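# Examining the three-dimensional arrangement
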Amino acid sequence: MSEFDIVKPRKKFKVGAELMFRVLGCKSKRITVTHKKSLLKSKLAIIISYTDATDGLITHGWITKIEKHGCFIRFYNGVQGFAPSSELGLEPGCDASLMYHVGQVVKCRVTGSVPALRQINLSFIIKPMRISEDDMVKLGSVIRGTVDRVTPHAIIVNVTAKCCLKGSISTEHLADHQGHAALMKAMLKPGYEFDQLLVLGNNVILSAKYSLINSAQQLPLDLTQIRPNSVVHGYICNIIETGCLVRFLGRLTGFSPRHKAMDDQRAVPSESFYIGQSVRSNILNVNSETGRITLSLKQSRCLSTDAFLYKNIFFWKRRYTLTLILTQIAKLQLSDSKDSELKWAEGFNIGTVVEGKVHDAKDFGVVISFEKYNDVFGFITHYQSNGTKAERGSMVQAVVLDVAKTEPLVDLSLKAEFLDRQKEESSNSQTGKKKRRREAFKLLQPLQTVNAIVEIVKENYLVLSLPEYNYAIGYASVSDYNTQKVPQKQFLHGQNITAIVMALPSPSTSGRLLLVLKSVSEATETSCSKRAKKKSSYNVGSLVQAEITDIKQLELRLKFGIGFHGRVHITEVSDENISENPFSNYRIGQTLSAKIMAKANKSENNSKHHQWELSIKPELLTGSIEVENKLADAEFRISTRQRATGYVYKVENEWIWLTISRHIKGQLFILDTSCEPNELQEFRKRFEVGKAVSGYVLSANKEKKATAHGATSVF
């Protein structure tokens, strides 16, 4: 009706008035028209089909949708195009929704079109800025830049070139890892210098992703540079229901259909990938006529064949080398520190023995403080404590397994195999010690398969030991480029795994041995094989090694195997339910043996994790009683006058509810709890959830599996 919204259109459009309109489109017997003056008076060429959109054509259109990555423009007869954010004529980092609105008429220039794909690329910049070839930064080139300012959506960078140019880096392109990118942006300040930035798109769109910078020479710019069956680095630029769009340099984009994007056919693209994610794509087909590129993002076809991603996680060289993201983070966090404060990590070399004082003992481990470094703390998990009970204030000697400079935190171990190795080495001369270490690593070769033990489980990687190589310490990522958002396999302390040597200790790895888990390098299991594996791996009566993830009042939560979760009911801890607090000797992170009593309940299918029923009763673990007999006991065999013990799980005004086993519940009336009036008055205070209660059965209901108790004794 107008360039702007009309509050009262009846005043302007009266019945019988003659007005000038322009036809927008025809469908069936319906004609859509416009009264916008800018369209009525436009003398520019009109686009009514995709073949009309020739390169350089300037025309009018109207905005139908505004997104973070650009604007959708509609023309006549339903034809539409897209103008990316870099072509909107806005300053880098500016929000398009603040400058434009849906329905607004805009003048735009056609920068490219593919009629067969019904695709038109547009620009709001009618006269592009003329820059000489000497001053122009070419797509795919690697340049330097200095941060000018940080905006909510991008980092504005002054490009180091012959002419004054400004570029922009979106948040997703600060790093290959999503979490690292957010951390980088939070710490970036004007004046920070990037040593390497990749020119990713027109109008100086830049990327700091190490995967793209490292493969800049192999990134394609047009169809002629793409070879079928090759694997190319790129990034996710859009996710739709039917698949993922992967972009390379400029506007060159490939499409991975849903069934080609993931090994698990049940997975949803939006839950497996995120926009801006670094990926490796396998080129399946290139159609030169339509310009369509078909890709596969399956991990089984696109697994990493080098240690670049792993270096991205583990590299910690402090000065000058900024191509790896954690180095950049470390530099940003420590940029305001004194030189002496930057050297604390030199006193914590991997594999060396350090001395510290027990600062605190927590449920999840022991915290160590160091006399020379007041702001640095060490941490020893229960698994690494080797059964040693450290008292607060006592001095301990431990081996360094991992160093996190950004926190700062040092992971330590008291395990005998690490300490004995260091004692053996310290008995030799300094030269002999270095030689012995070199010889240990000389036995390892790149791409060699080794057996390893999980020592520490981090968010993105594992700390491993190699028993066959004098307990050398290595590091392995738990994910690859294409599986960053996919739920990862669960690993337990002490778990035996197989890994592949990717990089030996060197300055480029900050002296670390980098490994790749065999489970990550192998093809991802399909949903059918996963179901078959789950069915065949564990059965009722199987003995499993599980790790405690949470401790509730009435149950222990555990994880075991690959993505399995279970619980230990409070009545499945001791042989006889006589302990007041059966969970007192257990800690989160502790590894224990358990037997499967029942598979996941089908009624819990809607929950995030299926809960398997486990038991840690000594008589079951030692085999003195069979699971079949225990399951038979689960049947209701309680009779009146029988003595039974249970745990309180609910307290009401006059009743106590008890759990005698996983299947059997009991009730206790207030008058049956005591004969003393003062104890009856404090009824609710005497019984709290988790308290052990013993008494005689007054009545039993086999159908409801319920009992009524009396004559109780409270532990």
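It should be noted that the structure appears before, not after, this text.
Basis of the calculations
- Residues numbered from 1 in each chain as written.
- Predicted model: local features only at pLDDT ≥ 70, side-chain atom pairs only at ≥ 80, totals over all residues.
- Heavy atoms only, no water.
- Helix = DSSP H or I, 4+ residues; strand = E, 2+ residues; numbered from the N terminus.
- Buried < 20%, exposed > 50% of the residue type's maximum accessible area, 1.4 Å probe, protein only.
- Contact = heavy atoms within 4.5 Å.
- Areas by Shrake-Rupley, 256 points an atom, 1.4 Å probe, with all protein chains shown as cover.
- Pairing = 2+ DSSP bridges.
- Core = buried A, V, L, I, M, F, W, Y, C linked by side-chain atoms within 4.5 Å.
- Salt bridge = Lys/Arg side-chain N within 4 Å of Asp/Glu carboxyl O.
- 1 Å grid on protein atoms, 1.4 Å probe; cavity = no way out; pocket = protein on both sides within 12 Å on 5 of 7 lines; lining within 4 Å.
- Points joined across faces, edges and corners; volume = space filled by probe spheres on them.
- Nonpolar A, V, L, I, M, F, W, Y, C, P; charged D, E, K, R; others polar.

## Thoughts on the overall build of the chain
When its secondary structure is counted, the chain shows 19 helices and 37 strands. The proportion of buried residues among the 715 residues of the chain is 46%. Relative to all contacts within the chain whose residues are 6 or more apart in sequence, the contacts with residues 24 or more apart total 60%. As presented, the chain carries roughly 36900 Å² of accessible surface, and 50% of it is formed by carbon and sulfur atoms.

## Overview of the side chain of Gln277
Structurally, the position occupied by Gln277 is in the loop between α7 (269-272) and β16 (278-287). Assessed through its relative accessible area of 0%, Gln277 is described here as buried. Excluding residues within four positions of it along the chain, Gln277 makes contact with Lys209, Gly234, Tyr235, Ile236, Ser272, Tyr481, Asn482, Thr483 and Gln484.

## Describing the pairing of strand β29 (residues 555-560)
Counting buried positions along β29 gives five out of six residues, so the element sits mostly inside the fold. With five bridges connecting them, strand β28 (residues 543-551) and β29 associate as antiparallel partners. Across the sheet, residue Glu547 finds its bridge partner in β29, namely Lys559. Hairpin connection, β28 to β29: the antiparallel pair is bridged by three residues.

## A short note on the nonpolar core
Residues Leu198, Ile236, Val246, Phe273 and Leu297 are the most contacted members of the largest nonpolar core, which totals 26 residues. Elements with a contribution of two residues or more to this core: β11 (193-201), α5 (210-214), β13 (231-240), β14 (243-247), β16 and β17 (292-296). Of the residues forming this core, the biggest block, five residues, is contributed by β13. Apart from residues no more than four positions distant in its own chain, Phe273 is found in contact with Ile236, Ile239, Cys244, Ala261, Met262, Val279, Leu297, Asn482 and Lys485. Counting residues in each nonpolar core, the second largest holds 21 residues, with Val544, Leu558, Phe564 and Leu592 among its members.

## Considering the pattern of salt bridges
Following the criterion strictly, the structure yields 17 salt bridges and no others. The salt bridge partner of Glu193 is Arg144, with a shortest N-O separation of 2.0 Å. Residue Glu193 is found in strand β11, and its partner Arg144 is found in strand β8 (residues 142-150); the two are separated by 49 residues along the sequence. Looking at Arg144, the relative accessible area reads 38%, which means it is partly exposed. Residue Arg512 pairs with Asp402 through a salt bridge whose shortest N-O separation is 2.9 Å.

## Notes on empty space enclosed by the protein
Tallied over the entire structure, the rule returns three cavities of 30 Å³ or more. Volume-wise, the second largest cavity comes out at about 40 Å³. Residue lining of the second largest cavity: Arg22, Leu39, Ser42, Leu44, Ala45, Ile46, Thr59, His60 and Tyr76, and that is the complete set. The class makeup of the residues in the lining of the second largest cavity is five nonpolar, three polar and one charged.

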